[in-house]
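Summary of structural features
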Amino acid sequence: LSCEFGSAVSVIHHFTRNTYFASSNQKNAEKLLISGIGSSSNPNVGIRMGTLDSAETLFENLNKNFGGSEYYGIHAGPFVDLFAKYRLTARPVNDLSSIKYALSLGHLVMAWINVGQGKAVDVDLAYGKTPVVKGEHNVVITGYDLSGFWIMDPGRGVMRKISSANLRDASRLFSIPFLEVYPASARKNYSYDL
């Protein structure tokens, strides 16, 4: 269930080359990022963890069974501030042409996708309903060509390709499906008016 943090570790290492975020230190780097966000019943605020057992740490809880709505994960929003701590800018993008443009600039894109047959369900919270998507997963989009997008899948530790249609379908249930990430110093060099 720590796929979002596996993706974030990879993105931070890609741009900063900080050896703490190298793949050889993946577990510790994920724990560091997880401790910077914390948990919440609302995945738009923190990691949705259901009931935390007092004997388990947040990281250990993230290694529960995949695909549910209680031990779930986290959405894109909290990563904006998390990336800023590492001098990276993160901004939501919502369509495939914006992803292609971001990639052409050398940026990376975290993608929230639905794997399997999970559906979005509204979870009642004290302050309103929040959608959670059973089967939520996160990958990093690193490139594209005419047949689709290249993604790094932290759940499998491999690069693979996904068609444009499958990426669009897999991300449609999320209010913020894609998060473009790039060095904070780069923003002044690019125009985002498309």
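The structure under discussion appears in the preceding block.
Described in the following lines is the structure provided in the data block. Keep in mind that what you see is a predicted model, and the values were worked out from it rather than measured.

All right, on to the packing of helix H1 (residues 3-16) against helix H2 (residues 26-37) then. It is the contact of H1 with H2, at a shortest axis distance of 9 Å, that shows an interaxial angle of 105°. Relative to H2, the element H1 lies roughly perpendicular. Between H1 and H2, the contacting residues are Phe5, Gly6, Ala8, Val9 and Ile12 on the first element and Gln26, Ala29, Glu30, Leu33, Ile34 and Ile37 on the second. Class assignment of the residues belonging to the contact of H1 with H2 gives a composition of eight nonpolar, two polar and one charged.

In this structure the tally under the stated criterion is six aromatic pairs. Each ring, one from tyrosine 20 and one from phenylalanine 21, has its centre 5.6 Å from the other, and the planes form 80°; the classification is edge-to-face. Owing to a relative accessible area of 3%, phenylalanine 21 belongs among the buried residues under this scheme. Centre to centre, the rings of phenylalanine 79 and tryptophan 112 are 5.9 Å apart; their planes meet at 55°, and the pair counts as tilted. You can see phenylalanine 79 sitting in helix H4 (residues 78-84) and its partner tryptophan 112 sitting in strand S2 (residues 108-114), a full 33 residues away along the chain. Chaining the aromatic ring pairs together yields one cluster made of Phe5, Phe79, Phe83 and Trp112.

Quick look at the pairing of S2 now. Counting buried residues along S2, seven of its seven residues qualify, which places the element largely inside the surrounding structure. In S2, alternate side chains face the same way, and those of Leu108, Met110, Trp112 and Asn114 on one face and Val109, Ala111 and Ile113 on the other are all buried. As defined by bridge partners, S2 adjoins strand S8 (residues 178-183) across four bridges and the pair is classed as antiparallel. In the strand pairing of S8, alanine 111 is matched with phenylalanine 178. Across six bridges, the pairing between S2 and strand S5 (residues 136-145) is antiparallel.

Scoring rules and cut-offs
Sequence order sets the numbering: in each chain, residues are counted from 1 along the sequence as written. With the structure being a predicted model, the display of local features is reserved for residues of pLDDT at least 70 and the display and counting of side-chain atom pairs for 80 or more, all residues being used for whole-chain, interface and lining totals. With hydrogens and water excluded, all non-hydrogen atoms of the structure serve as input to the side-chain values. The axes are straight lines fitted to the C-alpha atoms, using for helices just the contacting stretch, and the angles between their N-to-C directions are given from 0 to 180°. Runs of H or I in DSSP of at least four residues are treated as helices and runs of E of at least two as strands, each being numbered from the N terminus. To sort the angles, those under 35 degrees are grouped as roughly parallel, those over 145 as roughly antiparallel, those from 65 to 115 as roughly perpendicular, and the leftovers as oblique. Working rule for contacts: check all heavy atoms of both residues, and any pair within 4.5 Å makes them a contact. Only Asp, Glu, Lys and Arg are considered charged, only Ala, Val, Leu, Ile, Met, Phe, Trp, Tyr, Cys and Pro nonpolar, and every remaining residue, Gly among them, polar. Stacked, tilted and edge-to-face pairs are distinguished by plane angle, under 30 degrees for stacked and over 60 for edge-to-face with tilted covering the rest, among Phe, Tyr and Trp rings (Trp via its six-membered ring) whose centres lie within 6.5 Å. Three labels apply to residues, based on accessible area from a 1.4 Å probe with only protein chains included: buried if under 20% of the type maximum, exposed if over 50%, partly exposed otherwise in between. Strands are treated as partners if at least two bridges between them are detected by DSSP.

Spatial relationships are all this shows, so hold off on functional conclusions.
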